[in-house]
Amino acid sequence: MIRAIRGTRDLLPPDTDLWNRVEAKVRNVFARYNFHEIRTPVFEDTSLFARGVGEETDIVTKEMFTWEDKGRAASEKSHSLTLRPENTAGVVRAYIEHGLDKQGKLQKLYYIGPQFRRERPQKGRYRQFYQIGAEVIGPPSAGSESPARDAEVLEMLATLLDELGLRGWTLQLNSVGCAADRARYNQALREALKPVVHLMCEDCQRRAETNPLRVLDCKVPEDQPIIEKLPKISAYLDDACRKNFAQVRAMLDAVGILYTINERMVRGLDYYTRTTFEFTHGDLGAQGAVLGGGRYDGLSESLDGPKAPGIGFAIGEDRLILALQAEGVVAAESLDAYIAPLGAGMNSHALKLARELRRAGVRCDLGDESFRLKKSFEAAGKSGAHYIVILGENEVQSNEFAVKNLSAGTQESIARDELANYLRR
Ligand code: ATP
Ligand code: MG
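Residues numbered from 1 in each chain as written. Chains lettered and ligands numbered in written order. Predicted model: local features only at pLDDT ≥ 70, side-chain atom pairs only at ≥ 80, totals over all residues. Heavy atoms only, no water.

*Asks:* Give me the lowdown on the pattern of salt bridges, citing residues and values where you can.
*Replies:* In this structure the tally under the stated criterion is 24 salt bridges. Measuring nitrogen to oxygen at the nearest pair gives 3.9 Å for the salt bridge that ties Glu 327 to Arg 167. Of the two residues, Glu 327 is situated in the loop between α11 (317-326) and β12 (335-341) and Arg 167 in the loop between α5 (147-164) and β7 (169-175); the sequence distance between them amounts to 160 residues. Residue Glu 327 is classed as buried on the basis of its relative accessible area of 17%. (Salt bridge = Lys/Arg side-chain N within 4 Å of Asp/Glu carboxyl O. Helix = DSSP H or I, 4+ residues; strand = E, 2+ residues; numbered from the N terminus. Buried < 20%, exposed > 50% of the residue type's maximum accessible area, 1.4 Å probe, protein only.)

What follows is the structure, given as structure tokens:
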């Protein structure tokens, strides 16, 4: 038997009803904030991610699905391609490629789609997973650098999670400053790590050399006391970054959005500047981050694009669904009615009635004239319908239908032109 590949999943009903409800709500909320959808390819040139995500990141060093795509004709060169591990690099590539900066306004773009990382599969961590993300990007003259954009994005996320009915979330906020701040901070970390790094895990020993900031990401329990004593990023922010972060916080305070400052949250991607954030959820265990994001003021230039500061986030949709389910949210779309044709020649009458009802917005399912009454009731029960509508010779003649409430067991006779109103819930 052929099975789905480890780390990939089939999403089945009724779970897919919840996925669709989440995505419908996302589109509804994003539209109210004037975001519009962008769809980029699922695979791209490998160098896009190497440059756009960062050579030193976990994603690029060990998590990408990369292959050599051979040319089809002898004259065609082979090409290194990669399944997208995230979508920001693709969005910024498209922004540059289509000259969206020339419109001179802020681009507010969102996407929903699969991403691919070769990780150790576990609950909330898959090799194909889904992200819902958005980016606000544009020329500085359009206000793309303003802390108002950071606050608006964070406020939108809080509204989205609230409207989805998710309760147990926490916003973790930090500022990683600008490139110069981080260079000074990295230097300070290097110094501080020198006398202690030999006590730390192998990954940290390597990171201390290549990218000391990443040491703060370490989850190894024995390393934690050491990490807690390292210098804090806030002491290395320059005046502009400090002021910028204070403005973001003041706007969040003004609208009553609670957050926790987490100075260790430096995020996995190299391109972040200034504001970084994660929304975590207590029911997700080790995979606690429902979403992450931040500002990436130099990303466009690092991909040979124009100056285009931006801020964005990616929600892990799989984890969002797990968190909602942990809080008891279910969204099986319920069926209003099951139509049971009774006796030979009744299938077309049943199809006609179902057509009327479905066009009037009733969710209904349809039986078959070969079913006996008992089998119709069984089928109606399995379908999850609220009502069963019996349709025999007499009903067609009189245009009055016996409608039984399957949970309450009560029955009423309803006229054809009142049926849709009666059944629609
Ligand atoms: P983590 O620290 O959990 O590995 P990350 O920092 O690698 O997360 P991001 O690159 O910031 O994650 O992606 C944003 C969100 O996408 C995460 O907060 C998470 O919800 C989700 N996500 C990331 N990797 C996976 C995965 N392999 N499976 C499911 N969801 C994921
Ligand atoms: Mg990761």
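Next, the rest of the story.
*Asks:* Please give an account of the site of ligand 1 that cites residues and values.
*Replies:* Within the structure, ligand 1 sits among 15 residues, and Glu 119, Arg 125, Tyr 126, Arg 267 and Ala 289 are positioned closest to it. Within the side chain of Glu 119, a nitrogen or oxygen atom sits 2.6 Å from a nitrogen atom of ligand 1. Note that an oxygen atom of ligand 1 is positioned 3.5 Å from one of the backbone N or O atoms of Gly 316. For ligand 1, whose unbound accessible area comes to 580 Å², protein coverage reaches 88%. Secondary structure elements with two or more residues in the shell around ligand 1: β6 (128-137), β10 (289-295) and β11 (310-316). For the shell around ligand 1, the element with the highest residue contribution is β10, accounting for four residues. Its residues assigned to classes, the shell around ligand 1 comprises six nonpolar, four polar and five charged. (Near = heavy atom within 4 Å. Polar contact = N/O pair within 3.5 Å; in protein donor to acceptor, adjacent residues only side chain to side chain. Areas by Shrake-Rupley, 256 points an atom, 1.4 Å probe, with all protein chains shown as cover. Nonpolar A, V, L, I, M, F, W, Y, C, P; charged D, E, K, R; others polar.)

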